[in-house]
There are 2 protein chains.
Amino acid sequence: MAEPMRTRGRPAASPVAAREETPLYELIELLFFAYRDFVGEADRLLESYGFGRAHHRVLHFVNRHPGLTIAALLDILRITKQSLNRVLKELVAKNFIEARAGATDRRHRQLYATETGERLAHDIARLQTRRFATALEEVGPGARETATRFLQAMIDAPERERVMSLIASGRERTK
Amino acid sequence: MAEPMRTRGRPAASPVAAREETPLYELIELLFFAYRDFVGEADRLLESYGFGRAHHRVLHFVNRHPGLTIAALLDILRITKQSLNRVLKELVAKNFIEARAGATDRRHRQLYATETGERLAHDIARLQTRRFATALEEVGPGARETATRFLQAMIDAPERERVMSLIASGRERTK
DNA sequence: GGAATATGTCAACATTGCTGACCTAAATGG
DNA sequence: CCATTTAGGTCAGCAATGTTGACATATTCC
């Protein structure tokens, strides 16, 4: 493997331009393949319902955050309302998601997973959980803690807080 | 946080159906956001060249494996030759990739990144490496080893060997 | 009551997957 | 040497999911 010396602990805040890191090709490619397989598995299940990834993302976050509004969802997914609406309309039509007018402000639409939707969301979460659980077991003790912190650190710094509090605010008990 | 007890080390090979794991929503969502930011950064750079993610994937693997053939590339990316050809044609036209007839079998086309292509591939790899390096530093010593093994374990088991030897066979010195 | 807000919708387009069909050039085997 | 296989290119059309821009509607707020 012959790692050059430059990969020592901390490249020391040397002259900015001089700091040239050895490319971490291994990690770059591993993340590509890991993510591919991670979502590919869900894709296969979704296909049997006539849904795609976009549907899953919507269903997932609505299930995790019952009562979510359109605006909040747009903020999470960072897509346009037109893109969202296309898939959301289908999810509502097929009775996986239900939209109710907001209690206080009737302009808002609050989204809820129906029982059917909850079931599908949970089925996919189970597949993905299984993959994580098996992987973590394989890596050994402490893997979960490290993997969690690692993934957090991979998120754009200015985004991190928002994402973390979003995750923390997911409903605690699902099923 | 109140993690239920079920998340102990190993769920013990109990009756198959009874084993219901607590969904690892935190990891599921972290991976989603981490990957989004990871590729988003590259997307922005690629956009200025009129390229998309598909172009990047091709350029990346050709740069890592000079002399790669079409068939080998199709096998790595798992897309159709029509999809590949669309982006490959553009990469060749814009002089980021060069195709030469195979030395022994002239039916094969061997692909090489041009100097321009190499530069772009490297620029993106640098961005992504920086992200990994910063994240790993943040997590602390041993993070790289654990992250590597974790990502490996997330890949479909039957695929793993193929992927690992592909990664290992990347050219050792890039730039 | 006018302005701002939350959402829906229509039309058009780009990227990147897909299938199916068909074409050429080169190698290979009998 | 000719038929077949192999490697690749290309055309046409379609699907999913992202984008902009423009405009409509209902509701709330000042």
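Notes on the structure follow. (Residues numbered from 1 in each chain as written. Chains lettered and ligands numbered in written order. Predicted model: local features only at pLDDT ≥ 70, side-chain atom pairs only at ≥ 80, totals over all residues. Heavy atoms only, no water.)

Remarks on the protein's contact with DNA strand D
Point 1. What surrounds DNA strand D is a group of 25 residues, the closest being A:R57, A:S83, A:R86, B:K81 and B:R109.
Point 2. Take A:R57: an N or O atom from its side chain is 2.4 Å from a phosphate oxygen of DNA strand D.
Point 3. At a separation of 3.3 Å, a phosphate oxygen of DNA strand D approaches a polar backbone atom of B:I70.
Point 4. Breaking the surface near DNA strand D down by element, the ones donating at least two residues are α2 (53–64) and α4 (81–93) of chain A together with α3 (70–77) and α4 (81–93) of chain B.
Point 5. Residues that form the surface near DNA strand D fall into these classes: four nonpolar, ten polar and eleven charged. (Near = heavy atom within 4 Å. Polar contact = N/O pair within 3.5 Å; in protein donor to acceptor, adjacent residues only side chain to side chain. Helix = DSSP H or I, 4+ residues; strand = E, 2+ residues; numbered from the N terminus. Nonpolar A, V, L, I, M, F, W, Y, C, P; charged D, E, K, R; others polar.)

A word on the sheet that holds strand β3 (residues 109–113) of chain B
In a beta sheet, neighbouring strands pair by backbone hydrogen bonds and run either parallel or antiparallel.
All names here are of chain B.
Point 1. One open sheet holds the three strands; their spatial order is β1-β3-β2, and the pairing between them is antiparallel. Single-partner strands in this sheet number two, and they are β1 (68–69) and β2 (97–101).
Point 2. Bridge count between β2 and β3: five bridges; the pairing is antiparallel. Bridging across to β3, A101 finds its partner in R109. (Pairing = 2+ DSSP bridges.)

Thoughts on the environment of A:A147
Point 1. Within the secondary structure, A:A147 sits in helix α6 (residues 143–154).
Point 2. Classification of A:A147 as buried rests on a relative accessible area of 3%.
Point 3. Separated by 15 residues in the primary sequence, A:A147 and A:F132 have C-alpha atoms spaced 9.9 Å apart.
Point 4. Excluding anything up to four places from it in sequence, A:A147 contacts A:L136, B:L27 and B:F150. (Buried < 20%, exposed > 50% of the residue type's maximum accessible area, 1.4 Å probe, protein only. Contact = heavy atoms within 4.5 Å.)

Describing the relation of the copies chain B and chain A
Point 1. Superposing chain B onto chain A requires a rotation of 180 degrees together with a translation of 0.0 Å along the rotation axis, leaving an RMSD of 0.1 Å. Such a combination of turn and shift is consistent with a two-fold rotation axis. When C-alpha distances to the rotation axis are compared across chain B, the minimum falls at B:A147, with a value of 3.2 Å.
Point 2. Looking at the interface residues of chain B, 98% of them are also at the interface in chain A, so both copies use one shared face. (Least-squares fit on C-alpha atoms with pLDDT ≥ 70 in both.)

Concerning the packing of aromatic side chains
Point 1. In this structure the tally under the stated criterion is 17 aromatic pairs over all chains.
Point 2. Relative to B:F96, the ring of B:Y49 has its centre 5.8 Å away and its plane inclined at 90 degrees; by these criteria the two rings are edge-to-face. In this pair, B:Y49 sits in the loop between α1 (25–47) and α2 (53–64) while B:F96 sits in the loop between α4 and β2, placing the two residues 47 residues apart along the sequence.
Point 3. Judged by relative accessible area, B:F96 falls into the buried class, the value being 6%.
Point 4. Taking 4.9 Å as the distance between ring centres and 90 degrees as the angle between the ring planes, the aromatic pair formed by B:F51 and B:F96 counts as edge-to-face. Of this pair, B:F51 sits in the loop between α1 and α2 while B:F96 sits in the loop between α4 and β2, placing them 45 residues apart in sequence. One exposure class covers both B:F51 and B:F96, and it is buried.
Point 5. Through successive ring pairs, a cluster of aromatic residues spans A:Y35, A:F38, A:F132, A:F150, B:Y35, B:F38, B:F132 and B:F150.
Point 6. Sitting above the plane of the A:Y112 ring, A:R100 keeps its charged end 3.9 Å from the centroid. (Phe/Tyr/Trp six-rings, centres within 6.5 Å; stacked < 30°, edge-to-face > 60°. Lys NZ or Arg CZ within 6 Å of the ring centre and 35° of its normal.)

Overview of the pairing of β3(B)
Point 1. For β1(B) and β3(B), the ladder comprises two bridges, and the chain directions are antiparallel. Across the sheet, B:T69 pairs through a bridge with B:Q110, a residue of β3(B).

Let's talk about the protein's contact with DNA strand C
Point 1. The environment of DNA strand C is made up of 25 residues, and the closest members are A:K81, A:R109, B:R57, B:Q82 and B:R86.
Point 2. Counting only atoms of DNA strand C within 4 Å of the protein, the sugar-phosphate share comes to 58%.
Point 3. Between A:K81 and DNA strand C, the recorded distance is 2.3 Å, taken from a side-chain N or O atom to a base oxygen.
Point 4. For DNA strand C, a phosphate oxygen lies 2.8 Å from a polar atom in the backbone of B:R53.
Point 5. For the surface near DNA strand C, the class distribution of residues is four nonpolar, ten polar and eleven charged.

Thoughts on the pattern of salt bridges
Point 1. Following the criterion strictly, the structure yields 26 salt bridges over all chains and no others.
Point 2. By sharing partners, the salt bridges in this structure join A:D75, A:R78, A:E159 and A:R162 into a single network. (Salt bridge = Lys/Arg side-chain N within 4 Å of Asp/Glu carboxyl O.)

So, the interface of chain B and chain A
Interfaces are often sized by the accessible area lost when the parts come together.
Point 1. Listed per partner, the contact involves 66 residues of chain B and 66 residues of chain A.
Point 2. Taking both sides of the interface into account, the surface hidden between chain B and chain A amounts to around 7300 Å²; carbon and sulfur atoms contribute 64%.
Point 3. Three residues stand out in chain B for area buried against chain A, namely B:Y25, B:F132 and B:M154, and they jointly supply 9% of the buried area on that side.
Point 4. Where chain B packs against chain A, one counts eight salt bridges.
Point 5. One salt bridge connects A:E138 with B:R160, and the closest N-O pair in it is separated by 2.8 Å.
Point 6. Linking chain B with chain A are 20 residue pairs in polar contact (both at pLDDT 80 or more), by the criterion used here.
Point 7. Looking at the side of chain B that touches chain A, the elements with two or more residues in it are α1, α2, α3, α5 (115–139), α6 (143–154) and α7 (157–168) of chain B. (Buried area = accessible area lost by both parts, 1.4 Å probe.)

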